[in-house]
Amino acid sequence: MKRFRPLLWLLWCLIIAAPLVFVGLEYEWGKGLWNATLRTDRLRFLVSDIPAWVGGHWLDVIGVLVFLGAVVGFLKLWQLTAWVQWRGEVETRTRGRVRQAGAMIVVILILTLSCRHLADTQIEWGVMVCTYILLALGLNLIVGMTGLLVLGYAGFVAVGAYTFAVLHQQFGLSLWLAFLPAALVGGLTGFLLGLPSLRLRGDYLAIVTLGFGETVRFLIKNLVGEQSIIISRPARVPSLMSENAAWRWLFPDGLTRLKTELWVAVALVVLSIWLIRNLTHSRIGRAWIAIREDETAAAAMGIPTVRLKLLAFTLSAIWAAVGGVFFVAHNTSANPEMFGFGESVLILSMVVLGGMGSGPGPIVGAIVLYLLPEVLRERFPVLISYRPMIVGGLMVAMMIFRPQGLVGSLRRKIELKEEQP
Amino acid sequence: MTILEATGVSKYFGGLKAVENVDLTARPGEIVSIIGPNGAGKTTFFNCLTGIYPLTHGRIRFKDRDIANHKPHVITRHGIARTFQNVRLFGEMTALENVMVGAYCRTRAGILHTLVRTPFSRREDGGTAARALELLQFVGLAGHADSWARNLPYGYQRRLEIARALATQPELLLLDEPAAGMNPQEVGAVTELIGRIRDRGITVILIEHHMKVVTGISDRIAVLDYGEKIAEGTPKEVCCNPKVIQAYLGKTYEDAPAT
Amino acid sequence: MNGAVELETIIGGISRGAIYALIALGYTMVYGILGMINFAHGEIYMVGSFAAIVTLAILTTLTSASFGLAGCLVLSMGAAMLVAAAFGFTNERIAYRPLRRSHALAPLISAIGVSTFLQNFVMNAQTKDKVDFPRAFSDPLWERKLEIVGVHVALIQLIVLAMAVGLMVLLHLFITRSRTGKAMRACSQDKTMAALVGIPVDRVISLTFAVGSALAAAAGMMFTMYNGQTRFDVGYTAGVTAFTAAVLGGIGNIPGAMLGGFVIGLVEDLTAYHLGADWKYVAVFALLITVLIVRPRGLLGERVADKV
Ligand SMILES: Nc1ncnc2c1ncn2[C@@H]1O[C@H](COP(=O)(O)OP(=O)(O)O)[C@@H](O)[C@H]1O
Ligand SMILES: [Mg+2]
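The subject of this paragraph is the overall build of chain B. Secondary structure summary: chain B contains ten helices and ten strands in total. Its C-alpha radius of gyration of 19 Å places chain B within 12% of the 18 Å reference for a compact globule of 259 residues. Each principal axis of the C-alpha distribution contributes one length, and for chain B these read about 70 × 40 × 35 Å. Here chain B, with 259 residues, has 47% of them falling under the buried criterion. Long-range contacts, defined as pairs at least 24 residues apart, comprise 65% of the intrachain contacts of chain B with a sequence gap of at least 6.

What follows is the structure, given as structure tokens:
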């Protein structure tokens, strides 16, 4: 057997290389005789496209790396000042909170000042990235904190989105009034799905939620219809304040729909970060983490595990529903195909990439996986269509090399330093 | 006056009678030890008391309340806390947070309070942290509040588990081999700790193999073998009991070679 | 008349069920040995179906189909099984083995990553559209119909059924009789003990993945032949359905997976026949939830209590 080892490996290499034949093979079944021709243009993306991008745009590549480094670095600093660490209780935590609030204010100031100059596409990116941050934060509650893998998150997003879309279509409900009913319906769906399924073991739960996502899509198709629902919104939002000089300077061409959306999105994200931070540092957040770490021990320490998992599930569904409302409002149409398994995986990968269970992780994940391909779309158009492939590869790589995510590791580092005398 | 009264507790796994018809009572402020060879069913008995396994038969009364087959968290709320034979801490939390988790069932801030962090929840959380620190001090881990549970040395982990159990404010504490795998010095420290726990007015039921610990502090000892209770009494009575010697040495006393 | 149609539906259901059973075996074998759900298994099935078609294309182009119809089909099935086995092996090596000692969600997430990657790799490299199975190979098998007590059964249905059952019997013999099979069963009972008595656990796990994947590829080819076409995303639906079959029979239990496969095939075809094809998926999902909640250990599975 030993002697054949190299031969076996060779065979294995050949077989693994065989699918590359997929790439180059164009076949058309004719009348009893088939012509298969090797088409080299399909091979291109592997052999020449990628090197060509990098070669032609090496400055961009460096820019992207710097951007990534900056995002991670910023969040690390933020985390360093505030995230966790109970020692010296009061003073570190207040100091951390002050810095965190400071960081928030800086972000908002930059936004305000640049709002004037932002082009529509940039605002568009901003809105979408905020939506994804919202969704990723919500998913992180259940996947990262409580340790339950949910694969049908897009189903909850769809529930919120369609609650809004249908109410809008039937009663002309506006976006502002839609958040409440959508959150209610979303939360109720989460609660009802969680009620039977949260007693299941982790991997079974994952499958059940996956099925749930598909079922929601199916139900929408059959009950609401396969066509898109158009959501009409005024292009210009009448301002509530009197338009003084400062206002006119800030919004030279009035409060456009996009700009309002951006502000609402930012507000929602800031609010979510605050709420989730409060949760993380509360008895409930600790109980969730305890459940993630060891469910039996948590139960023996007096934690009603099923009730808390249900709570996490419901909250996460509420976040999804709110995100969903925003998603379709911004998109101005709702279609069942927008909420497929691919979307669930994309949001999950944001959480995984940023760091499951870490506060700022999902934010980084959303920025990297949404904003980056979007911004680079014009230069590397292929990036969008290869995103799912990259996402898949990244998920595996993250699990192997950095399971704590891009920003999730600081706690441990500090700890290690302390341990070593 | 008894705080715990277990009668006829049995737990079968398929054909295996892991615990068979065991009676045990504990009076307030007492330290009761359970000893027996490995696989005798001691841990299983604890799991039955704390609701982790459903009983096959039997009744368990705690403070005159029937708690058999209740959910684990309900039983903990009634006032029974435990540690595990194979330490089960929440590894990715600090020591302090581990203890604070134990306080969950004694705090009340609901989801709305915690979401917006009302003064009530802030005050409650502060109180929890302070009590947790005090408990860490009590078990001798004051300097390790911010260490990750999983990075603590084994002996400290065992003590942290005790602190976490104490945070649930129990009236009855079940300790599953708290001195297992420790050196004589650490064993002494654990013995002393158990004594101090009793002095706080907490009843203790202890599973232990170290006879020094058991005979040193127990008021009564129960002996399990093959799931059945074969003896019970004061340390002296139990140590001379021929059945116990047979269970441990595998021979009857009379058969032993006279040397 | 109606009774005959019903019977034909049932026969159709059984032969599709045989295919699901083959896929379900892969889930169950991996679960038995590693205790994880291999989400990427459905994708291996999809890769198998593509590999079969590509092999057929190559065979007919390079050799003008000189092996004859049966020869070409058998060769392409063999090639598909080989490719899929290599994929399954690689999958485990790259995505699961490094994660064996990490936290519980890691292998699941990694598996989802692999699944997404493979699906989109095939989509990008091949096509977004459906790919036809060569009609010249499948039509003759559909056209030849046998009449058994007034019910028309297509030859292909019998062939699929016979091949699936044949493979299952082979697997059963392999697992119960051969040395390696015994090692597999030992590993699924207790990996540590198996390692202590000298069983090369890693190699057994690799082998399990390879065998499971080969079976999935066989299923992939037969299903494509049966349905006439395949697409990059067929693995997803088939995977969930077959997983349901595995759970229904009792995950980790090999006869259970076979039984579950047949039941699911029947449920699908009967639902499609009575309620419409759209409802198939919902019926399967409803069945999955019901089984998980009412009897999570499945029809043939044993109950295990976690030791504390
Ligand atoms: N969940 C379980 N399933 C099957 N058997 C079990 C389970 N838990 C314990 N046992 C068996 O019950 C017996 C008693 O075990 P245990 O209570 O752990 O013994 P001890 O703690 O006295 O050493 C052992 O034979 C053990 O294998
Ligand atoms: Mg024990």
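Text resumes after the structure shown.
Each side of the interface is counted separately: chain A has 47 residues, and chain C has 49 residues. Its residues placed into classes, the side of chain A that touches chain C shows 34 nonpolar, ten polar and three charged.

This next bit is on the confidence of the model for chain C. Averaged over all residues, the pLDDT of chain C equals 86, while 96% of them reach at least 70. Confidence estimates for the predicted assembly give a pTM of 0.88 and an ipTM of 0.93.

Below, the discussion takes up the site of ligand 1. Not every one of the 13 residues close to ligand 1 is listed here, only the nearest: B:Phe13, B:Ala18, B:Lys42, B:Thr43 and B:Thr44. What surrounds ligand 1 is not a single chain but chains B and C. Among the secondary structure elements, those contributing two or more residues to the shell around ligand 1 are β2 (16-26) and α1 (42-49) of chain B. With three residues, α1(B) is the single largest residue contributor to the shell around ligand 1. Split by residue class, the shell around ligand 1 holds five nonpolar, six polar and two charged.

To continue, consider the domain arrangement of chain B. Residue and element names in this part refer to chain B. Domain annotation for chain B reports domain 1 (1-79 + 170-259) and domain 2 (88-169). Relative placement of domain 1 and domain 2: their C-alpha centres are 27 Å apart. For the side of domain 1 that touches domain 2, the elements supplying multiple residues, two or more each, are α2 (72-78) and α7 (184-199). Among the elements that make up the side of domain 1 that touches domain 2, the one with the highest residue count is α2 (three residues). Residue composition of the side of domain 1 that touches domain 2, by class: five nonpolar, three polar and two charged.

Our next topic: the sheet that holds strand β1 (residues 4-13) of chain B. Strand order in the open sheet formed by four strands is β2-β1-β4-β5 (chain B), and the pairing between neighbours is antiparallel. Looking at strand neighbours, the two that pair on one side only are β2 and β5 (65-66) of chain B, the edges of this open sheet.

Taken together, the contact between chain A and chain B spans 28 residues of the former and 39 residues of the latter. If you list the elements that add at least two residues to the side of chain A that touches chain B, you get α11 (257-280), α12 (283-293), α13 (295-300) and α18 (410-419) of chain A. Here the side of chain A that touches chain B is built from residues that sort into 14 nonpolar, five polar and nine charged.

Following the sequence through the fold, C:Pro140 ends up in helix α5 (residues 135-143). Considering only alpha carbons, one finds C:Pro140 and C:Leu69, 71 residues apart in sequence, at a separation of 9.4 Å.

Next up on the list: helix α11 (residues 254-275) of chain C. The terminal C-alpha atoms of α11(C) lie 31 Å apart, and with 22 residues this matches the ideal 32 Å at 1.5 Å per residue to within 8%. C:Gly276 sits one or two residues past α11(C) and shows a positive phi near 115 degrees.

Note: α-helices contain 3.6 residues per turn, so residues at a spacing of three or four share the same orientation. The first and last C-alpha atoms of helix α9 (residues 202-223) of chain A sit 31 Å apart over 22 residues, in line with the 32 Å expected at 1.5 Å per residue. Where α9(A) ends, the next residue or the one after it, A:Gly225, has phi of about 125 degrees, a positive value.

This part covers the nonpolar core. Within the largest apolar cluster, 302 residues are counted, with the highest numbers of intra-cluster contacts made by A:Val325, C:Ala21, C:Leu22, C:Ala84, C:Ala217 and C:Ala218. In terms of residue count, the dominant contributor to this core is helix α9 (residues 201-227) of chain C (17 residues). No fewer than three residues from each of domain 1 (1-79 + 170-259) and domain 2 (88-169) of chain B sit in this core. Beyond its immediate stretch of four places on either side in the chain, C:Ala218 contacts C:Leu22, C:Met77, C:Met81 and C:Leu167.

How each quantity is defined
Residues numbered from 1 in each chain as written. Chains lettered and ligands numbered in written order. Predicted model: local features only at pLDDT ≥ 70, side-chain atom pairs only at ≥ 80, totals over all residues. Helix = DSSP H or I, 4+ residues; strand = E, 2+ residues; numbered from the N terminus. Rg over C-alpha atoms; globule rule 2.2 N^0.38 Å. Buried ≥ 20, exposed ≤ 12 C-beta atoms within 10 Å, placed from the backbone. Contact = placed C-beta atoms within 7 Å. Nonpolar A, V, L, I, M, F, W, Y, C, P; charged D, E, K, R; others polar. pLDDT = per-residue confidence, 0-100. Near = placed C-beta within 6 Å. Domains from an automatic or database assignment. Pairing = 2+ DSSP bridges. Expected span 1.5 Å × (residues − 1). Core = buried A, V, L, I, M, F, W, Y, C linked by C-beta atoms within 7 Å.

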